[in-house]
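# Notes for the structure review
Spelled out from the first residue to the last, the chains are:
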Amino acid sequence: MHKLRPDAVTEIGLLTATAAGGHGGVLVLSAGPGEGRTTLLRAVAGDHARDWTVLTATGWEDERGLPYASLRELLTPLRDEEPRHAGDALTSLRTAARSRPVLCLLDDAHLFDPDSWRAVLFAARRIGTDRVAIVLSVPAGAEPPGFPVHRLTPLGPVAARRILAAHAPDLAEDVAGTLIEIAAGHPGALTDLVRGLTPEQRRGYAPPPESLPPDSPLRRRLAAELDALPATTRELLLFAAAAPGAAPDSILAAAPGTPELADFAPAERRGLVTVTAAGVHFRGPLMRAVAYAEMPVARRRTAHAALAEVLESRGARLPALLHRAAATTGPDAALSRDLAGAARSADPAVAAEARRYAAGLCPTAAERAGLLLDAARSAWLAGRPHQAGMLIRRIPAAGGTARVRARALTAEMSLPESRPGARDVLLDVAAELAETDPGTALEALALAGESACRSGEQDRYAALARRVAAGEHGDEPPAVTLAFRHVAGLARIAEGDEYASFAPLRQAVALADRVAEPGPLLRAATSGILIGDARRAAALAGRAAVLAREAGASVLVPQALELAALAGMASGDYTAANEAAMDGAAVARGTGQPVLAAAHLAVLAVLAALVGDRDTALHRIASVGDGPSRPLCEWALALLDLVDGRCPAAAERLLAVVSGPPGPGSALLRVAVVPHLLETAAQSGARAAVEPVASAFDRWAGRTGQPAWLALRDRCRALRADDGETAARHFDAALAHEGEGGFPRAHTELLYGRMLRRRRRNMEARTHLRRAAETFQLLDAAPWAEQSVRELRAAGERVETPQPSGPALTAQQERIASLVAGGATNREVAQELHLSPRTVDHHLRNVFARLGVRSRTEMARMLTS
């Protein structure tokens with residue numbers, strides 16, 4: 001467990017390290033039931049058993065009336081005498097600490113008897129010069145004042161899966177996701193849930209549980225808290241559990257008798273719920289689930305029926321329908337149709353629930369299959385792929401084409417994780433439905449677009465695209481027409497006619513102004529990347545992210561942000577790319593998409609490497625690991641090689657990137673790395689080996705018509721030139737494009753200045769090198785600024801090493817300064833921004849220099865004034 005709580009272990013490690021040096025201290029661990037306090041303390045005891053005197057004690061409700069009972073348990077290893085007053089604890093701890101440091105681990109300390117509690121607090125306030133560390137474990141809300149507190153937060157999806165895998169290695173993935181959702185990050189709940197599964201449930205062949213099993217110790221503890229409430233309050237909480245989104249007045253109106261708002265007060269005082277005008281919010285999802293599970297089935301149906309009547313009278317149609325469905329037994333075709341109709345305008349999470357109920361009420365197998373498939377798609381869009389998987393399993397064999405479309409959805413769900421075979425499944429679905437269901441076939445081809453660039457799949461892709469295109473009538477909605485144009489462009493690429501692909505892809509981008517759904521916008525953004533319109537692609541991807549957030553399609557948000565980050569990087573807007581990738585990494589982790597999170601970290605690694613930030617780039621690369629985003633990491637490593645002058649190594653890496661199989665972001669990656677590949681090849685004498693790549697890039701960049709790519713094309717032509725005059729003309733052409741700005745322009749200036757200096761045209765060289773040094777300094781790209789300065793000196797100019805000047809901060813510095821001014825430590829800033837601590841320290845020194853301050857306090861005062 002302690003490996004799953006690195007922050008808590010770090011805090012305890014700091015406490016014990018300080019105590020071992022003679023400065024004792026206290027740390028309060030705060031968490032709710034089942035959140036891992038006890039298990040963590042046991043792990044800490046084991047870690048310190050060898051070099052410390054470890055003392056433990058646990059508080060018990062039924063021993064609170066026994067004077068010094070808890071203190072006796074704590075001090076038994078140190079003394080035979082019964083403790084008689086508060087000072088006994090301090091004396092015993094100080095005596096023991098003379099021979100070796102002492103660690104006291106006090107679990108459920110809030111249940112200590114009053115005499116023991118006073119003795120512990122007495123000692124805790126007086127161990128500042130002793131080799132004693134005390135860790136108190138208490139529930140949230142019971143923390144003693146005056147001591148530092150570490151709140152254990154719920155486990156994230158990755159840590160939760162580790163617990164489940166330790167208890168059930170054969171657990172099906174969607175079942176694991178369901179258990180993680182029920183447990184809401186509670187380690188104890190995860191353990192209780194997985195232990196209660198049948199073999200069929202573990203593999204997903206039987207429905208998973210909806211709450212903790214009846215014999216769960218954690219469920220009994222939570223139920224006991226509910227049982228201790230007055231009857232009226234308990235009844236209100238049961239209704240609130242049945243209607244988590246209902247306002248208090250609706251719950252009061254539906255509950256039996258004449259309850260009042262004040263009847264919620266006993267539960268509020270115990271911290272079980274928080275009541276606002278918007279709803280009754282339980283302490284956590286687990287408490288709500290237990291409250292609902294403790295209600296007998298017949299009572300649940302009565303509650304749902306009453307809530308349906310109240311909500312319908314108040315115009316809340318869809319919530320009323322959902323409660324009616326929960327109260328209904330047996331098929332009800334009319335209610336099923338009503339639910340399906342209302343789901344069309346609902347956000348994905350609510351739509352998934354409505355369609356699931358509708359499927360259960362539907363009397364025919366074919367309609368039920370379609371509703372289950374729609375429910376699965378809604379669940380996936382809402383960021384609940386485990387629920388989608390369980391719904392797909394329920395699609396009956398007699399479901400007709402729904403079974404085929406379900407295969408496509410399963411493949412689509414696995415695409416962000418780059419699972420093998422997903423594209424093949426999509427192509428199979430397109431082949432099977434090309435004539436009977438061209439809409440689904442078109443969608444499948446659009447999703448399998450990577451196949452258009454894969455050797456061995458291109459002929460099949462092009463042939464399928466022609467079959468599907470035959471179903472276009474010309475009167476389709478803009479989103480469908482956009483998909484047809486996108487697939488047509490991909491088909492031309494598959495046929496090897498890149499020139500012909502530009503026309504349909506440009507049409508797809510133009511159609512984006514007429515659609516307002518995130519999926520088609522992502523398609524248009526991809527088309528924009530393929531035709532080199534990076535700024536337009538970034539804008540479309542950003543718009544898709546906003547719309548996905550507004551629609552509740554959380555699974556699409558990190559996909560959109562990944563495209564926005566890649567396109568921003570391609571357009572030279574590194575600040576926007578960094579912000580998109582930072583946001584995307586956080587959202588991907590929060591929605592349980594680790595592969596997508598790694599993709600964003602890989603983009604961040606490239607952005608760090610572009611400005612020569614070695615520590616941060618390597619830190620991010622290490623976080624990515626192996627996987628589909630590895631080519632981006634290789635690009636980042638090649639950039640670091642380039643900064644250090646290891647051009648042959650950089651050229652080898654980049655050549656492997658452009659010649660490798662397609663993967664996430666490869667459409668952009670294959671062209672974006674070419675300028676760096678040609679630079680390294682030119683400096684390492686390997687121009688001939690990359691000439692085919694250079695020629696292809698030259699043609700593609702020319703077709704884009706985009707100033708930024710044309711500038712890079714001309715830079716590459718300069719690097720390939722055989723004589724200085726030709727190279728100079730191409731460099732001048734590159735700098736003449738309006739789209740060449742920021743870091744890319746500074747890099748061109750550096751290369752041009754270096755070439756001129758080597759040809760002894762020092763006067764001209766200094767002009768370009770000076771501009772490069774100034775820009776790199778403003779962008780906080782220290783290694784590149786230093787290179788420019790070295791070239792300037794070699795060109796005969798006397799220049800000092802660039803120093804930070806002026807009050808303006810870079811975007812990265814502003815983010816760091818803002819977090820530090822808010823009280824964050826360097827380590828916390830590094831974790832938040834995926835930086836190395838050394839990089840944070842470097843940026844802070846530059847911030848201090850630019851702002852003319854000497855301390856964090858001065859900086860915070862300046863930034864907030």
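Above: the structure in question.
Residues numbered from 1 in each chain as written. Predicted model: local features only at pLDDT ≥ 70, side-chain atom pairs only at ≥ 80, totals over all residues. Heavy atoms only, no water.

### Considerations on the overall build of the protein chain
As a reminder, the rule being used: The helix and strand labels rest on DSSP assignments: H or I over at least four residues marks a helix, E over at least two residues marks a strand, and numbering proceeds from the N terminus. This radius of gyration counts C-alpha atoms alone. The globule rule is 2.2 Å times how many residues there are, raised to the power 0.38. Any residue under 20% of the maximum accessible area for its type is buried, any over 50% is exposed, and the rest in between are partly exposed; the area is computed with a 1.4 Å probe on protein chains only.
Scanning the protein chain from N- to C-terminus turns up 46 helices and 7 strands. Taking 29 Å as the expected radius of gyration for a compact globule of 865 residues, we find that the protein chain reaches 32 Å, a close match to that expectation. Its C-alpha atoms give the protein chain principal-axis dimensions of about 95 × 75 × 50 Å. The 865 residues of the protein chain split such that 54% are buried.

### Quick look at the packing of aromatic side chains
What counts here: Pairs were defined over the aromatic rings of Phe, Tyr and Trp, the Trp ring being its six-membered one, requiring ring centres within 6.5 Å. Orientation was assigned from the angle between planes: stacked under 30 degrees, edge-to-face over 60, tilted for the rest. Whether a charge sits over a ring comes down to the Lys NZ or Arg CZ being within 6 Å of the ring centre and within 35 degrees of the ring normal.
Counted according to the given criterion, the structure contains 8 aromatic pairs. The ring of phenylalanine 122 has arginine 126 lying over it, and the distance from NZ or CZ to the ring centre is 3.8 Å. A cation over an aromatic ring shows up here: arginine 356 above the ring of tyrosine 357, its NZ or CZ 4.7 Å from the ring centre.

### Structural notes on unusual backbone geometry
Even without being a glycine, aspartate 108 presents a positive backbone phi close to 50 degrees. Structurally, aspartate 108 is set in the loop between β3 (102-107) and α5 (114-124). Judged by its relative accessible area of 15%, aspartate 108 falls in the buried class. Of note in the backbone geometry, alanine 184 takes a positive phi value of approximately 55 degrees without being a glycine. Within the secondary structure, alanine 184 is located in the loop between α7 (173-183) and α8 (187-195).

### Points about the pattern of salt bridges
Worth spelling out the cut-off: Any Lys or Arg side-chain nitrogen found within 4 Å of a carboxyl oxygen on Asp or Glu counts as a salt bridge.
A complete count under the given rule lists 45 salt bridges for this structure. Across the pair arginine 757 and glutamate 791 runs a salt bridge whose closest N-O atoms are separated by 2.9 Å. Of this pair, arginine 757 sits in helix α40 (residues 742-758) while glutamate 791 sits in helix α42 (residues 782-794), and the two are 34 residues apart along the sequence. Glutamate 791 gets classed as buried once you look at its relative accessible area, which sits at 9%. It is possible to trace a salt-bridge network through shared partners that takes in Arg614, Arg630, Glu634, Asp641, Asp644, Arg646 and Arg653.

### Comments concerning the environment of alanine 31
What counts is decided by this rule: Any two residues having at least one pair of non-hydrogen atoms within 4.5 Å are treated as being in contact.
Mapped onto the elements, alanine 31 comes out in the loop between β1 (25-30) and α2 (37-48). Given the relative accessible area of 0%, alanine 31 is considered buried. Separated by 212 residues in the primary sequence, alanine 31 and alanine 243 place their C-alpha atoms 26 Å from one another. Sequence-distant contacts of alanine 31, that is, excluding residues within four places in its chain, are made with Arg37, Val138, Pro139, Ala140, Arg151 and Leu152.

### Topic: the pairing of strand β7 (residues 279-282)
Let me state the cut-off plainly: In this scheme, strands are said to pair when DSSP sees at least two bridges between them.
Examined bridge by bridge, strand β6 (residues 273-276) and β7 share 4 bridges and lie antiparallel to one another. By the bridge assignment for β7, valine 273 is matched with phenylalanine 282. Connecting β6 to the next strand, β7, in antiparallel fashion are 2 residues.

### Focus on the nonpolar core
Formally: The criterion is simple. A nonpolar core is a set of buried Ala, Val, Leu, Ile, Met, Phe, Trp, Tyr and Cys residues joined through side-chain atoms within 4.5 Å.
Formed by 192 residues in total, the largest nonpolar core has its most connected members in Leu339, Met569, Trp635 and Trp709. Beyond its immediate stretch of four places on either side in the chain, leucine 339 contacts Leu318, Leu321, Leu322, Ala325, Ala354, Tyr357, Ala358 and Leu361.

### Let's talk about the sheet that holds β3
This is how the line gets drawn: Axis lines are fitted to C-alpha atoms, over the contacting stretch for helices. Their N-to-C directions set the angle, which ranges from 0 to 180 degrees.
Read from one edge to the other, the open sheet built from 5 strands follows the order β2-β3-β4-β1-β5, with strand pairing classed as parallel. Edge positions in the sheet fall to β2 (53-58) and β5 (149-151), since each has one partner strand and no second. Pairwise comparison of adjacent strand axes, ignoring direction, gives a mean angle of 15 degrees for this sheet. Examined bridge by bridge, β1 and β5 share 3 bridges and lie parallel to one another. When the sheet's bridge partners are listed, valine 28 is paired in β5 with valine 149. Sitting on the sheet, α2 touches β1, β2, β3 and β4 (132-138), and the angle it makes with β3 is about 165 degrees.

### Focus: the packing of helix α41 (residues 762-778) against α42
Going by this rule: Angles below 35 degrees are treated as roughly parallel, those above 145 as roughly antiparallel, those between 65 and 115 as roughly perpendicular, and all remaining angles as oblique. By convention the crossing between two helices is left-handed if the near helix lies anticlockwise of the far one by an angle smaller than a right angle, and right-handed if it lies clockwise. Any residue that is not Ala, Val, Leu, Ile, Met, Phe, Trp, Tyr, Cys, Pro, Asp, Glu, Lys or Arg is counted as polar, Gly included; the first ten are nonpolar and the last four charged.
Packing of α41 against α42 brings their axes to within 8 Å, and their N-to-C directions diverge by 155 degrees. By the angle between their directions, the pair α41 and α42 is classed as roughly antiparallel. Relative to α42, the crossing made by α41 is left-handed. Counted together, Arg766, Leu769, Arg770, Ala772, Ala773, Phe776 and Gln777 of α41 and Trp784, Ala785, Ser788, Val789, Glu791 and Leu792 of α42 form the full contact between these two elements. In terms of residue class, the contact of α41 with α42 is made up of 8 nonpolar, 2 polar and 3 charged.

### Structural notes on the packing of helix α11 (residues 231-242) against helix α15 (residues 297-313)
Interaxial distance between α11 and α15 falls to 10 Å at its minimum, and their mutual angle equals 75 degrees. By the angle class used here, α11 and α15 are roughly perpendicular. Within the contact between the two elements, α11 uses Glu235, Phe239 and Ala242 and α15 uses Arg299, Ala303, His304, Ala306 and Leu307. When grouped by side-chain class, the residues that make up the contact of α11 with α15 number 5 nonpolar, 1 polar and 2 charged.

### Details of a negative patch on the surface
Note the following rule: Patches here are clusters of residues that have more than 30% relative accessible area and form no salt bridge, with a 9 Å joining cutoff for like charges and a 5 Å cutoff for nonpolar side chains (Val, Leu, Ile, Met, Phe, Trp, Tyr). Note on areas: Shrake-Rupley, 1.4 Å probe, and residue coverage restricted to the protein chains presented here. Neither His nor the chain ends contribute to the count of charged residues, in which Lys and Arg are positive and Asp and Glu negative. Here the site of a charge means NZ on Lys, CZ on Arg, CG on Asp, or CD on Glu.
Taken together, Glu61, Asp62, Glu63 and Glu73 make up a surface patch of like negative charges. With respect to the helices and strands, aspartate 62 occurs in the loop between β2 and α3 (69-75). We classify aspartate 62 as exposed; its relative accessible area is 68%.

### Overview of the environment of aspartate 115
Summarising the element assignment, aspartate 115 is placed in helix α5. In the structure, aspartate 115 is positioned 51 residues away from arginine 64 in sequence and 9.2 Å away in space, judged by C-alpha atoms. Excluding residues within four positions of it along the chain, aspartate 115 makes contact with Pro67 and Tyr68.

### A closer look at helix α32 (residues 614-624)
Rules: This arc corresponds to the set of directions leading from the helix axis out to the C-beta atoms.
What α32 keeps buried is the set Thr616, Ala617, Arg620, Ile621 and Val624. For α32, the buried positions fall inside an angular range of 130 degrees around the axis, keeping them on one side. Looking at the residues trailing α32, positive phi occurs at glycine 625, about 70 degrees.

### Things to note about helix α20 (residues 385-393)
In terms of residue burial, α20 counts as a mostly covered element, since 7 of its 9 residues are buried. Along α20, the residues classified as buried are His386, Gln387, Ala388, Gly389, Met390, Leu391 and Ile392. Next to the buried residues of α20 lie α7, α18 (348-361), α19 (365-381) and α21 (401-414).

### Here's the deal with the side chain of serine 414
Positionally, serine 414 belongs in helix α21. If we ignore the near neighbours within four places in the chain, the residues touching serine 414 are Arg419 and Ala422.

### Quick notes on the environment of aspartate 732
Structurally, aspartate 732 can be placed in helix α39 (residues 724-736). In this structure aspartate 732 comes out as partly exposed when scored by relative accessible area, which is 41%. Remark: the alpha-carbon pair of aspartate 732 and tyrosine 752, spanning 20 residues in sequence, is separated by 8.7 Å.

Geometry only, nothing functional implied.
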